[in-house]
Amino acid sequence: MRLSFLEPLYKQPGPFASVYLDTSRDIDDPDAAVELRWRHLRDALMSEGADQDSITTVARMVGCDTDVPGTHGQAVFTAHGRLALMDELPAPPARDTARFGTLPDTMPLIVQHAPGIPYLAVHVHYGGRHSTDAGGTVRIDAEAGIWPLTKVMSGYRLHEEVPVADWLHAAEVIGRELEGHVRRIDGESVVVAGDVWARGILVNRLPAFLQGQVTTVEGAGESQPGRALLEHRLESLFGGRMAAHDRALLDAFLAQQARDGASAEGLSAAVSALQRGRVKALFLNNHPESTLRLWVGPEPGQLSLSEQELRSYGVEDVREERADAALTRALVGTRAELVVVPEQQLRLREGVGVLLRYADPT
């Protein structure tokens, strides 16, 4: 996963207020529920020493996502009383949290961006006689997006209505248009639902480039306005799956590991490689309960297991921070990638592994 979406956050100095809360709209009086949750988080920020300007800014942004229906959450980051970053969460956070510290608490946001699968969803609506001499129309809804972000941030939408008599020709034209959108997002999956006859004509006329990516699904139902097209079918299809790009990075890591090449495991090895800007990708088993800490300086590559080591490099402004927050800042600063690896697929030593840009000559 590329972390470029976090770059604006790290362009400003801390300390940061980092807030995650459930802002779902599927309950009675959601505004009152959000306000109550925020009250608890505000008290937590105050107890951690957050400045009043930052608290006021968070309060202004909390719950402003009223146009997003259904279950979801919100992440808000402020620094020195200014909004640093705000993002919608495809699912409510496991628990509402508020932290104030030198570095932003970004790992919960990153995890909600995973697996980051680029896809195209297509729903073919038709309920008439299965013949091109029938009356009526075939209706096409399509959406190109990144899963699971499309749940709360709509991707490109296409809507077409075609007379049944023109469907054979129109399906080919629409197929070429869909191909353009898939190429634009480097899509890896095309999910098609709807009437078996009408969707079959479309699938058979899709360009060859898309043919190998097609999955047809049944029982898609109508999508809720403002939510991802075919959301529930995509949930079951993509659950537990890694994006192809991340899977390729993990395969490269395992291949290097098998021949003692450009890879390493463990927190110490990861920190050493990040200090020298040698990390191509970092692999992480997500452990939100982890108490691991690292020492950091003002720059992304200034991180260490001990205060003494960092000071020995001439770094004077040294602070202790959560390990995941320090690792993430270093990854963004060195333009390395992060791959969240389900523990059932690969258990990493101390939950961390790195694929290096080049092997250590020693």
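What you are looking at is a predicted structure, and each value in this text was computed from that prediction instead of being measured.

About the cut-offs
- Residues numbered from 1 in each chain as written.
- Predicted model: local features only at pLDDT ≥ 70, side-chain atom pairs only at ≥ 80, totals over all residues.
- Heavy atoms only, no water.
- Helix = DSSP H or I, 4+ residues; strand = E, 2+ residues; numbered from the N terminus.
- Buried < 20%, exposed > 50% of the residue type's maximum accessible area, 1.4 Å probe, protein only.
- Pairing = 2+ DSSP bridges.
- Axes fitted to C-alpha atoms, helices over the stretch in contact; angles between N-to-C directions.
- Contact = heavy atoms within 4.5 Å.

**Student:** Help me get a handle on unusual backbone geometry, residues and values and all.
**Tutor:** Residues Ala114 and Pro115 are joined by a peptide bond in cis, for which omega reads 5 degrees. Relative to the helices and strands, Pro115 resides in the loop between α4 (107-113) and β5 (117-125). With an omega dihedral of 10 degrees, the bond running from Trp147 to Pro148 counts as a cis peptide bond. With respect to the helices and strands, the residue Pro148 is situated in the loop between β6 (137-147) and β7 (156-163). The backbone phi angle of Asp29 is positive, close to 50 degrees, even though this residue is not glycine.

**Student:** Pulling in residues and values, what's your account of the pairing of β5?
**Tutor:** Burial analysis of β5 places nine of its nine residues in the buried class, which makes it a mostly covered element. The alternating pattern of β5 places Ile117, Tyr119, Ala121, His123 and His125 and Pro118, Leu120, Val122 and Val124 on opposite faces, both of which are buried. Taken together, the nine bridges between β5 and β6 define a ladder with antiparallel strand orientation. By the bridge assignment, Leu120 is partnered in β6 with Ala144.

**Student:** I'd like a rundown of the sheet that holds strand β9 (residues 214-216), residues and numbers included.
**Tutor:** Spatial ordering of the open sheet is given by β7-β6-β5-β8-β9, a layout of five strands whose pairing is mixed. Lying at the two open borders of the sheet, with one neighbouring strand each, are β7 and β9. Each strand axis lies, on average, 20 degrees off the axis of its neighbour in the sheet, ignoring direction. Bridge count for β6 against β7 is eight bridges, and the pairing is antiparallel. Of the residues in β7, the one forming a bridge with Thr137 is Pro163. Packed onto the sheet, helix α6 (residues 196-204) meets β5, β6, β8 (189-194) and β9 and runs at close to 150 degrees relative to β8.

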